[in-house]
Amino acid sequence: MIDRKLSGEKPAIALPKGAIDTQSHMYLPGFPALPGGPANPVDPLPTPDMYLAMANWLGIDRVVITQGNAQQRDNANLIACVSQLGDMARGVAVIDAQTADAEMRALSDAGIVGARIMDLPGGAVGLDSLEAVDAMAAAHGWMLAVQFNGSDILEHESRLAALKSRWTLDHHGKFFRGATPDGPEMACIKRLIDGGRCWYKLAGCYESSKVGAPDFTDIAAMTRAVANHAPDRLIWGTNWPHNLARTTTEYPDDGALLDVVLGWVPEADRAKVLVSTPETLFGFPPLG
């Protein structure tokens, strides 16, 4: 059992109306973990209702739900969670070269707007399928959420630069061997962003920081470099329910984490990062 904090003191940084959380996972009963991936999250199962309580605490109005690794290539749980949340939610699914056009259309009708590439242990579809998944996503107007060990980004730059879809470099790039704002990895990120189809996602800083909490100064430096270079290419997510945390002691305070991460973004740019940029990337209707 784990105690996921769902309420508390309001964060010091108030989110603007229409704020979008672009990185979350949710689960409903009846969808077991499948071979090849990790187990479902530690009980209690982090459901859409639990997410809504947390979102109300932080001031989140809209959300992107990403297919979790536990369900591998079966998107049924994702579709059920998106359906339960209705218009406030969009989904990022897992597809591969065998996914039929009819299924792609059905997924689109269910609120799915993107495909996930997860080239780390437990991921369902990795970089070996990048071009095939990209072609399918582009044909249906989807985006790609791409996650891998960012320390190898130079090896993949030419492939990433050639993507036809709009795509996000997930989780602050996940530079497991470390990276600096004046290093080759950041130079590569800037080139990819300048190519016109790459966005940089602020989520899960604790997963790759070499320094750690509470300030994650290494991740902060990289984030500030991107914010200074292209603030319109940043998006933010909670990474709820923080699946790497296996105990209550390890579980982060979402309010405190919000203040830390969004504190790296200039105040003048936060409405773009939280509302207008993810609206366009994930196909949410603009606020009236």
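Let us look at the structure shown here. Predicted, not measured: the structure shown is a model, and the values here were computed from it. (Residues numbered from 1 in each chain as written. Predicted model: local features only at pLDDT ≥ 70, side-chain atom pairs only at ≥ 80, totals over all residues. Heavy atoms only, no water.)

### Overview of the sheet that holds strand E4 (residues 112-118)
Move 1: As summarised here, the arrangement of the eight strands in space is E1-E2-E3-E4-E5-E6-E7-E8, forming an open sheet in which the pairing is parallel. For this open sheet the edge positions go to strand E1 (20-24) and strand E8 (234-236), each flanked by a neighbour on one side alone. With strand direction ignored, the average angle separating the axes of adjacent strands in the sheet is 30°.
Move 2: Sheet topology note: the strand E2 (residues 62-66)/strand E3 (residues 89-93) ladder contains four bridges and is parallel. The residue bridging Thr66 from the neighbouring strand is Val92, located in E3. (Pairing = 2+ DSSP bridges. Helix = DSSP H or I, 4+ residues; strand = E, 2+ residues; numbered from the N terminus. Axes fitted to C-alpha atoms, helices over the stretch in contact; angles between N-to-C directions.)

### With respect to the packing of aromatic side chains
Move 1: Using the criterion set out here, one finds one aromatic pair in the structure.
Move 2: The ring of Trp199 has Arg233 lying over it, and the distance from NZ or CZ to the ring centre is 4.1 Å. (Phe/Tyr/Trp six-rings, centres within 6.5 Å; stacked < 30°, edge-to-face > 60°. Lys NZ or Arg CZ within 6 Å of the ring centre and 35° of its normal.)

### Things to note about the pairing of E2
Remember that side chains alternate between the two faces of the sheet whenever the strand is regular.
Move 1: Burial of E2 is extensive: five of the five residues sit out of reach of the surface.
Move 2: In E2, alternate side chains face the same way, and those of Arg62, Val64 and Thr66 on one face and Val63 and Ile65 on the other are all buried.
Move 3: In terms of handedness, the path from E1 via helix H1 (residues 48-58) over to E2 forms a crossover that is right-handed.
Move 4: Read from E2 through helix H2 (residues 76-85) to E3, the crossover connection turns out right-handed. (Buried < 20%, exposed > 50% of the residue type's maximum accessible area, 1.4 Å probe, protein only. Right-handed = clockwise from strand over helix to strand, strands pointing away.)

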